[in-house]
Amino acid sequence: PDVPTSNFGEFGGVAWLVWSVEVRPEAAGEWLLDVGYASLDQVDLHVLRTGEPTVLVRNGDRLPLSKRPLPTRTHVMPMALSAGQYTMVLRVETSGSMIVPLRLATPQHRQLREERTQMLQGLATGVMLSLLFYSLAQWYSLRDRMFAYYAVGVGGVGAFQFTFQGMGMQHVWGEVLWLSESLPPVCILVGIIGAFLFIDRALDIRSLSMRLSLLMRIGALVCTVVVVLLLAGVITYRDAQRVSKVLGQLPTLLALPIAWRRWRQGDRAAGYILVGWGVYTAGVVVLALLVSGRIPATPVTLHVFQISSLVEMVMWLVVMGVRV
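Cut-offs used in this document
Residues numbered from 1 in each chain as written. Predicted model: local features only at pLDDT ≥ 70, side-chain atom pairs only at ≥ 80, totals over all residues. Heavy atoms only, no water. Phe/Tyr/Trp six-rings, centres within 6.5 Å; stacked < 30°, edge-to-face > 60°. Helix = DSSP H or I, 4+ residues; strand = E, 2+ residues; numbered from the N terminus. Buried < 20%, exposed > 50% of the residue type's maximum accessible area, 1.4 Å probe, protein only. Lys NZ or Arg CZ within 6 Å of the ring centre and 35° of its normal. Contact = heavy atoms within 4.5 Å. Polar contact = N/O pair within 3.5 Å; in protein donor to acceptor, adjacent residues only side chain to side chain. Salt bridge = Lys/Arg side-chain N within 4 Å of Asp/Glu carboxyl O. Expected span 1.5 Å × (residues − 1). Core = buried A, V, L, I, M, F, W, Y, C linked by side-chain atoms within 4.5 Å. Pairing = 2+ DSSP bridges. Axes fitted to C-alpha atoms, helices over the stretch in contact; angles between N-to-C directions. pLDDT = per-residue confidence, 0-100.

### With respect to the packing of aromatic side chains
Then, number 1: Taken as a whole and assessed by the stated rule, the structure comprises nine aromatic pairs.
Then, number 2: With centroids separated by 5.3 Å and ring planes inclined at 20 degrees, the aromatic side chains of Phe160 and Phe164 adopt a geometry described as stacked. Residue Phe160 and its partner Phe164 are both found in helix H2 (residues 145-164); the two are separated by four residues, about one turn of the helix. The burial state of Phe160 is the same as that of Phe164; both residues are buried.
Then, number 3: Ring plane angle 50 degrees and centroid distance 5.2 Å describe the contact between Trp260 and Trp263, whose orientation is recorded as tilted. A residue pair is termed a helical-turn pair when its members lie 3 or 4 positions apart in one helix, as Trp260 and Trp263 do in helix H7 (residues 250-264) at three residues.
Then, number 4: Ring pairing ties together the aromatic residues Tyr37, Phe160, Phe164, Tyr280 and Phe305, which thus form one cluster.
Then, number 5: Directly above the ring of Tyr140 sits Arg143, whose terminal nitrogen or CZ lies 5.0 Å from the centroid.

Structure follows, in structure tokens:
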């Protein structure tokens, strides 16, 4: 198809992918097809030999972990292939972005690759949890709402990454299907709420512009209303995803002039905020281009937002240290 590699963008329907595979005698045995994007509703693989179906494997977020072929982070489908020519037909259905990175591998090669990914995801999750617990402890100790707002932001972004990368479904809520469907937009909106409130507090925007401070709080309120409407079933996953794309950069855009002015006045905290924003904005741009189908789905583009979020959260931690 005439799209960036493995990426149909906001397709929101059904796609059929068809390709041919030749299995040589020395390669006969067990193979795995890994569809490396966790947020897909239904993935059905038909394997045909001389026109007759030989294998049908079902996977996707509509199946609890116990009913999937393998209890994996992504959608992995096993096949026992003898020597010969095969036609593989993959039917993919989703209500979100149609991102379909495919990898055909032996179980041994797939395990080695996944072990490295699990290690990196464990480190990223550990960092986010450490930042969350630290901010909650500081909020309890100092009674400063800035730490509570930071906890909301880091909790939302961390939970989004944990869900987006398929770790939540694999390790925590494998049998609760609605969580995998609802959590990604809810978590990213919660992260935006934390960003609005934290930036307003950390830059003390109220002392310079009451109107802008009020606008930041209104932005947080709008995100809260969208979360409630999504959980109540009034709006859809895609509606919430569009709202998060529109509002995701709004805290930065609104507060950028204030941060720049404070940094020029010698405020070190504002300087760290600007650094964090620069890195985070790059990650958000890549994620927006990815989910809209404008860039290829590669291991780099699938993880850039996660890395940029971690960098921004660490910069915000430094900001809180300067403020204290």
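### Quick look at the environment of Tyr150
Then, number 1: Mapped onto the secondary structure, Tyr150 falls in helix H2.
Then, number 2: Residue classification places Tyr150 among the buried residues on the basis of a relative accessible area of 0%.
Then, number 3: Expressed as a C-alpha distance, the spacing of Tyr150 and Leu131, which sit 19 residues apart in the sequence, is 9.0 Å.
Then, number 4: Ignoring sequence-local partners within four residues, the contact set of Tyr150 consists of Leu131, Ser135, Phe198, Met313, Trp316, Leu317 and Met320.
Then, number 5: One polar contact links the side chain of Tyr150 to the main-chain carbonyl oxygen of Met313, over a distance of 2.9 Å.

### Thoughts on the pattern of salt bridges
Think of it this way: side chains of opposite charge can pair up when their charged atoms draw near.
Then, number 1: Counted according to the given criterion, the structure contains ten salt bridges.
Then, number 2: A salt bridge links Glu93 to Arg91, with the shortest nitrogen-to-oxygen separation between them at 3.1 Å.
Then, number 3: Owing to a relative accessible area of 18%, Glu93 belongs among the buried residues under this scheme.
Then, number 4: One salt bridge connects Arg110 with Glu114, and the closest N-O pair in it is separated by 3.6 Å. Of this pair, Arg110 and Glu114 both sit in helix H1 (residues 107-142), four residues apart, roughly one helical turn. Across the pair, exposure class does not vary: Arg110 and Glu114 are buried alike.
Then, number 5: A single network of salt bridges, built from pairs that share partners, joins Asp34, Arg73, Arg110 and Glu114.

### Section: H2
Then, number 1: Counted at 1.5 Å a residue, the expected span for H2 with its 20 residues is 28 Å, and the 28 Å between its end C-alpha atoms agrees.
Then, number 2: For H2, the tally of buried residues reaches 16 of 20 residues, placing the bulk of the element in the interior.
Then, number 3: The backbone nitrogen of Met146 has a side-chain oxygen 2.9 Å away, supplied by the residue at the start of H2, namely Asp144.
Then, number 4: Two residues or fewer past H2, Gly166 is found with a positive phi of approximately 85 degrees.

### Observations concerning the nonpolar core
Then, number 1: Ranked by internal contacts, the top residues of the largest apolar core, which has 88 residues, are Leu45, Met79, Leu90, Phe198, Ile199, Leu203 and Trp277.
Then, number 2: Here the element with the most residues in this core is helix H4 (residues 177-202); it accounts for 14 residues.
Then, number 3: Not counting chain neighbours up to four residues away, the residues in contact with Leu90 comprise Ala15, Trp16, Leu17, Trp19, Leu33, Val35, Val43, Asp44, Leu45, Met77, Val100 and Leu102.

### Some words on the sheet that holds strand E9 (residues 102-105)
Then, number 1: Read across the sheet, three strands follow the order E6-E3-E9 without closing on themselves; strand pairing throughout is antiparallel. Of all strands in the sheet, those with a lone pairing partner are strand E6 (75-81) and E9, marking the two edges. Strand-to-strand twist of the sheet, defined as the mean angle between neighbouring strand axes without regard to direction, takes the value 20 degrees.
Then, number 2: Bridge analysis of strand E3 (residues 29-35) against E6 gives seven bridges, and the strand direction is antiparallel. Pairing of Leu32 across the sheet is with Pro78, part of E6.

### Some words on the confidence of the model for the chain
Then, number 1: Mean pLDDT over the chain works out to 91, with 100% of the residues at or above the 70 mark.
Then, number 2: Element-level mean pLDDT values for the chain span from 81 in helix H6 (residues 237-247) up to 96 in E3.

### Considering the side chain of Gln170
Then, number 1: Looking at where Gln170 falls in the secondary structure, it is placed in helix H3 (residues 167-171).
Then, number 2: In this structure the side chain of Gln170 is engaged in a polar contact, spanning 2.8 Å, whose partner is the side chain of Gln118.
Then, number 3: Leaving out residues up to four positions away in the same chain, Gln170 has contacts with Leu65, Pro71, Thr72, Arg73 and Gln118.

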